[in-house]
Amino acid sequence: MAKNKENTSKVVTTGFLEKLDSFIDTRQSTLFYLSLVLLVLYSILLFQANISIGGDDSFYIVRAMKFVDEGKFPGFQGPLYPLLLSPFVAIFGINVHLLKSLSIIFSAVFLFLFYRSFRNRVHSTVLYFTLFILAFNSSILFYASQTYTEAFHLMIQLLFFYQFFRIYDLIGEKDADMKSQFKEWLMLGFTLFLMSISKNVGLTGILTVMGFFLIHAKWKAMAFSLVSWGGFTMMFSGIKQLFFSTGAQIASQGSDVLYKDPYNKAKGKEDLAGYFNRLIENTDLYLSKNLMKIFEIRDESVTTTDTSISVLILLLILTGLFISFKKNKYVFFTGAYMTVTMAVVFVVLQTRWDSPRLVFLIIPFFCLFMLYVFDDLIRRLKARFVQPLFFVVLLIYLGSGVRSATTQIDLLTLKKNLSGDRYLGYTTDWQNYLKMSEWAGKNLPEGSYVASRKAGMSTIYANGKKFFNITRVISQDADTLLDHFQNNGVTHVILAKLRRNPKQKSEFTINTVHRYLSLIEQNYPGTFRAVIYADLLATLEF
């Protein structure tokens, strides 16, 4: 069946944007490769050679290392990315620069698949402005040199979109035919499976597919999607159970979302009203603040929400879903996936986890969808000056993105990091913490087991030595805390004073370890003694 373009080229009159579409259409390949080259170039120029202080990126490497050294299956936060890193860790060891470089490749493949997925399915003005906006987006460029799973999952998402659109091209207004389309449905199930084991939120892929086919009464397509995805999922679970002792992926990470306070589970589990409150608060938090930060519409320093922005975005999303349902099923599916993903994320996230990273994965779809809505509405207006004005606004916004990305380039720091300076770029408190970790790895006796606040980072800087991670104070009872250390074989603790906000030197620090140890010391004075390194408190020893 020929590709259904869903009226993307159907216009009533030849206006400015139609002429712009025609101009772009004759230069599609050139413009795409230009956007791809710029993405790769800026990813290299903005390459972050050091591990981030967030922590999760180092733990993906640690899980890959444990899979290689111990055969421990990486069940937490999605196993696919650590499994992919594991061959590189096995061959090259903990080569941070190499592992980070993979994310540049993932980002480039993502942009290529985005282009192939939406080419000839939306107006060229919408597609190519989206491509260039994404190529210069600070968040995409940041994750293009991190060992977070974000760049990898962006690629997996677009692999799924590419295959789903191929399926939709085949079935059109009809329903599925397994006999002639078997390989395509198999590939769709495989991409959905990859989504689900890359990140837990990837399960929104199968939810959106099922909902899309349900709305369009394509019962066979619903069944084929579910069976194909379910087959790969069951096969994977069987292999995992046969060769590895591990729990369910969602159970590994998802239990925290059930509690009112994941750091104090004594408060009990969340009720229905609590989940509804999360949805409302997170919607405002992420739409009006975090998404606007990602697109640099609001300043990075902004800490407040703006409900009027959230309401406007929700109205635009509803408008876009209504328009695209009638005119462009590809965009409708994109908007549906984006909406389902946001709804799930906003329900399960604790409001205290306020972070732009938690909605990062929807930004390509959000950008294209919003431009589609504005583009469609503007083309309907009779005022002739509006279309050129829209073009100028897009150029100004794109120019600000280029300027923002360019001003972040720091070639001197990059050169020194790549030349072996592992600490340049960190603030002094983080440098001292990481030097403590490196010293502990080199100097403590064999069999020592050190607890620290950012155990993943400690492991990287201690060249693979295992550390015990302290993420929260698990009890207010000193005996429970002491038993927790002793039962896990902890012999030392790194007591570091780390800024809560690295950009601000203030009295606010990450004090989890201090609170943990103070409860023990109050009841059992002298439990720890200081071990000194270079006039800095490096560790406390039992």
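See the structure above.
(A) Quick peek at the overall build of the chain. If you tally the helices and strands in the chain, you get 22 helices and 7 strands. For 542 residues, the compact-globule formula gives about 24 Å, and the C-alpha radius of gyration of the chain, at 25 Å, lands near that figure. With respect to the three principal axes, the spread of C-alpha positions in the chain is 85 × 50 × 50 Å. Counting over 542 residues, the chain shows a buried share of 53%. Partitioning the contacts of the chain with sequence separation of at least 6, the portion at a separation of at least 24 is 72%. Only carbon and sulfur atoms are counted for the fraction: they give 61% of the accessible area of the chain, which is about 25,000 Å².

(B) Spotlight on helix α2 (residues 28-45). The terminal C-alpha atoms of α2 lie 26 Å apart, and with 18 residues this matches the ideal 26 Å at 1.5 Å per residue to within 8%. Those residues of α2 that sit buried are Q28, F32, S35, L36, L38, L39, Y42 and S43. Burial along α2 is one-sided: seen end-on, the buried residues are contained in an arc of 160°. Those residues of α2 that are exposed and angled more than 90 degrees off the buried face are T30 and V37. Turning to α2, the residues buried within the fold contact α1 (16-25), α5 (96-118), α6 (124-135), α7 (138-143) and α17 (386-407).

(C) How the structure looks around the pattern of salt bridges. Per the stated rule, a full pass over the model turns up 15 salt bridges. E18 is the partner of R379 in a salt bridge, and the nearest nitrogen-oxygen pair spans 2.9 Å. Residue R379 is located in helix α16 (residues 363-380), and its partner E18 is located in helix α1; the two are separated by 361 residues in the primary sequence. Accessibility assignment for this pair places R379 and E18 in one class, buried. Across the pair D375 and R379 runs a salt bridge whose closest N-O atoms are separated by 2.7 Å. Note that D375 and R379 are positioned in helix α16 at a spacing of 4 residues, about one turn of the helix. A residue is classified by how much of its surface remains accessible, and D375, at 1% relative accessible area, is buried. Each of E18, D21, D375 and R379 takes part in one network of salt bridges that share partners.

(D) A look at the nonpolar core. The biggest cluster of nonpolar side chains holds 141 residues, and the ones touching the most others in it are F160 and L291. Looking at this core, the element that brings in the most residues is helix α8 (residues 150-171), giving 13 residues. Apart from the residues lying within four places of it in its own chain, the contact partners of F160 are L188, T191, L192, M195, G205, V209, F333 and Y337. Membership of the second largest hydrophobic core comes to 16 residues, among which are V513, Y516, L517 and L519.

(E) Layout of the packing of helix α13 (residues 272-294) against helix α15 (residues 329-348). Two elements in contact, α13 and α15, have axes whose closest approach is 7 Å; the angle formed by their N-to-C orientations is 115°. The handedness of the crossing between α13 and α15 is right-handed. Residues Y275, R278, L279, N282, T283, Y286 and L287 of α13 touch α15, and the partners they reach there are M342, A343, F346, V347 and V348. In the contact of α13 with α15, the residues fall into 9 nonpolar, 2 polar and 1 charged.

(F) Region of the structure containing the environment of K265. Topologically, K265 is positioned in the loop between α12 (249-254) and α13. Residue K265 is classed as partly exposed on the basis of its relative accessible area of 29%. K265 sits 200 residues away from M65 along the chain, and the two C-alpha atoms are 31 Å apart.

What counts and what doesn't
- Residues numbered from 1 in each chain as written.
- Predicted model: local features only at pLDDT ≥ 70, side-chain atom pairs only at ≥ 80, totals over all residues.
- Heavy atoms only, no water.
- Helix = DSSP H or I, 4+ residues; strand = E, 2+ residues; numbered from the N terminus.
- Rg over C-alpha atoms; globule rule 2.2 N^0.38 Å.
- Buried < 20%, exposed > 50% of the residue type's maximum accessible area, 1.4 Å probe, protein only.
- Contact = heavy atoms within 4.5 Å.
- Areas by Shrake-Rupley, 256 points an atom, 1.4 Å probe, with all protein chains shown as cover.
- Expected span 1.5 Å × (residues − 1).
- Arc of directions from axis to C-beta.
- Salt bridge = Lys/Arg side-chain N within 4 Å of Asp/Glu carboxyl O.
- Core = buried A, V, L, I, M, F, W, Y, C linked by side-chain atoms within 4.5 Å.
- Axes fitted to C-alpha atoms, helices over the stretch in contact; angles between N-to-C directions.
- Left-handed = near helix turned anticlockwise from the far one by under 90°.
- Nonpolar A, V, L, I, M, F, W, Y, C, P; charged D, E, K, R; others polar.

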